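# What the coordinates show
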Amino acid sequence: MTNSSYERLFFPALKRLDPESAHDHTLTALALAQSNPVGRAALKAIAGAVPARPVQVGALHFPNPIGLAAGFDKDARVVAGLALLGFGHIEVGTLTPRPQPGNPRPRVFRLPADGALINRMGFPNGGVEAAVARLRALPIERDYLVGVSLGKQKETPLEEAAGDYVAVMRAAHAYADYLAVNISSPNTPGLRQLQGGRYLYELLRMLVTENGRLASATGRAPKPLWVKIAPDLELSELDEILDTLLMTGIDGIIIANTTLRRDDLTEKAKSETGGLSGRPVRQRSTELIAHVHRRTNGTLPIIGVGGVDSAAAAREKLDAGAAVVQLYTGLIYGGPGIAGRIVRELAANAS
Ligand SMILES: Cc1cc2nc3c(=O)[nH]c(=O)nc-3n(C[C@H](O)[C@H](O)[C@H](O)COP(=O)(O)O)c2cc1C
């Protein structure tokens, strides 16, 4: 399958399916493609030539600045295929200790005129053990990074949430290049309260301690620990979070998750409950990146995410202080060639 036949035939057909069925078909196609040499060659052809644009962040060597955001490959089914499409890092999950079904369907909605999606998935996933079995099968030496997004079971009360995050960390530790603490999804009731001082310090202290313990027990280095925040925080709340991240020794911050805001949308689906992603979150996310970069004097590494759909949108976040960026909604509207395309354009426009 050539790049152009894919773009002409299959990609438009997917857009006519309901969003979650299209997603399920895409994962099935990627799983098939990554499993055989012809499919792998087709994925590479879709990506095109992807120039090396390495970014070093502490111990992490990102081969290029474009990653896939959490939520696309929740169960780590198609990591190898996504890497062939040009993504330099892939954040799998969000994973919970045990399997859970998430919210009833429909739970993903397209807002094409707004370049946006609304989702209220609620962390459907097959549980961390199943995902880890797939990560274990990946080559140890790889030319891309895998992040694992840690979450909590829907029914676990906030007072006991730390136990869930620690359990997912324990299971995934050996197989992740970095770990992302997701305390910012709007679709698990109460989850965002974990961003507040009362819970945050305790949660992060436990995770940092466990990270150190797992590292010394196995002779490995501790895994870089990133915290993913919501774009709906007030700056004063964000500043408190930054103090806690610096105090507990967190390695970086991912800015940002989906928003509950609904400004300036034209599509009917705007009234759906859930988190909004894509073009409408681009500016707010970039503003928060710039704020964090300024306030920490560039000492806290940032992964920028929200509305990246072009090299210009990626460049805007890198210029604001992000070390690398991620995208999700841009892949839905821009198609599977988007990672390679953006990396090529960034490389061409570099000095
Ligand atoms: C359908 C869908 C599911 C998502 N699931 C997760 C998730 O499980 N964990 C997470 O941290 N973020 C999740 N996200 C948020 C994305 O990772 C990202 O932060 C957000 O969509 C903004 O980026 P974008 O505008 O490029 O989509 C999800 C987003 C979408 C659209």
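Structure report, in brief. (Residues numbered from 1 in each chain as written. Predicted model: local features only at pLDDT ≥ 70, side-chain atom pairs only at ≥ 80, totals over all residues. Heavy atoms only, no water.)

## Side note on the nonpolar core
- Core analysis: the largest hydrophobic core is formed by 81 residues, its most contacted members being Ile66, Phe87, Tyr165, Leu207 and Ile253.
- When residues in this core are grouped by element, the largest group, 8 residues, is from helix α6 (residues 161–172).
- If we ignore the near neighbours within four places in the chain, the residues touching isoleucine 66 are Gly86, Phe87, Gly88, His89, Ala314, Val325, Leu327, Ala339, Ile342, Val343 and Leu346.
- By size, the runner-up hydrophobic cluster in this structure holds 13 residues, among which are Phe62, Leu145, Tyr178 and Trp226. (Core = buried A, V, L, I, M, F, W, Y, C linked by side-chain atoms within 4.5 Å. Buried < 20%, exposed > 50% of the residue type's maximum accessible area, 1.4 Å probe, protein only. Helix = DSSP H or I, 4+ residues; strand = E, 2+ residues; numbered from the N terminus. Contact = heavy atoms within 4.5 Å.)

## Let's talk about the sheet that holds strand β6 (residues 116–119)
- An order of β5-β6-β11 is seen for the 3 strands of this open sheet, with the pairing classed as antiparallel. Bordering the open sheet on either side are β5 (108–111) and β11 (275–278), each of which pairs with just one other strand. With direction set aside, neighbouring strand axes in the sheet form an average angle of 25°.
- Of the pairings in the sheet, the one linking β5 to β6 comprises 4 bridges and is antiparallel in character. (Pairing = 2+ DSSP bridges. Axes fitted to C-alpha atoms, helices over the stretch in contact; angles between N-to-C directions.)

## What about the packing of aromatic side chains?
- A complete count under the given rule lists 2 aromatic pairs for this structure.
- The interplanar angle of 75° and the centroid separation of 5.5 Å between the aromatic rings of phenylalanine 72 and tyrosine 328 together place this pair among those described as edge-to-face. Here phenylalanine 72, found in the loop between β3 (66–68) and α4 (79–84), pairs with tyrosine 328, found in the loop between β13 (324–327) and α11 (329–334); they are 256 residues apart in sequence, far enough to count as distant.
- Taking relative accessible area as the criterion, phenylalanine 72 reaches 4% and is therefore assigned buried. (Phe/Tyr/Trp six-rings, centres within 6.5 Å; stacked < 30°, edge-to-face > 60°.)

## Structural notes on the site of the ligand
- Around the ligand sit 22 residues in total, of which Ala70, Thr94, Gly278, Gly307 and Thr329 are the nearest.
- Threonine 94 is positioned with one of its side-chain polar atoms (N or O) 2.7 Å from a nitrogen atom of the ligand.
- A distance of 2.8 Å separates an oxygen atom of the ligand from a polar backbone atom of glycine 307.
- When the ligand sits alone it has 610 Å² of accessible area, and the protein chains cover 98% of it.
- Residue assignment for the shell around the ligand shows that the elements contributing at least two residues are β4 (89–95), β6 and β11.
- Classifying every residue of the shell around the ligand gives 8 nonpolar, 12 polar and 2 charged. (Near = heavy atom within 4 Å. Polar contact = N/O pair within 3.5 Å; in protein donor to acceptor, adjacent residues only side chain to side chain. Areas by Shrake-Rupley, 256 points an atom, 1.4 Å probe, with all protein chains shown as cover. Nonpolar A, V, L, I, M, F, W, Y, C, P; charged D, E, K, R; others polar.)

## Remarks on the environment of threonine 26
- Structurally, threonine 26 is set in helix α2 (residues 19–34).
- A C-alpha to C-alpha distance of 8.2 Å links threonine 26 and leucine 14, two positions 12 residues apart in sequence.

## What about the pairing of strand β9 (residues 225–229)?
- A large share of β9 lies buried, amounting to 5 of its 5 residues.
- The alternating pattern of β9 places Leu225, Val227 and Ile229 and Trp226 and Lys228 on opposite faces, both of which are buried.
- For strand β8 (residues 178–182) and β9, the ladder comprises 4 bridges, and the chain directions are parallel. In the sheet register, valine 181 faces β9, and the bridge partner there is valine 227.
- Traced from β8 through helix α7 (residues 197–218) to β9, the parallel crossover comes out right-handed. (Right-handed = clockwise from strand over helix to strand, strands pointing away.)

## Details of the sheet that holds β3
- The strand order around the closed barrel built from 8 strands is β3-β4-β7-β8-β9-β10-β12-β13, with neighbouring strands paired in parallel fashion. Going across the sheet, the axis of each strand differs from the next one's by a mean of 25°, ignoring polarity.
- Against the sheet, helix α10 (residues 311–320) engages β3, β12 (302–305) and β13, with an angle of about 140° to β13.

## Details of α7
- End to end, α7 covers 32 Å across 22 residues, agreeing with the expected 32 Å (1.5 Å per residue, within 8%).
- Packing partners of the buried residues in α7 comprise β7 (145–150), α6, β8, β9 and α8 (235–248).
- One or two steps after α7, the chain reaches glycine 219, where phi turns positive at roughly 75°. (Expected span 1.5 Å × (residues − 1).)

By themselves, these are just geometric observations and shouldn't be taken as functional.
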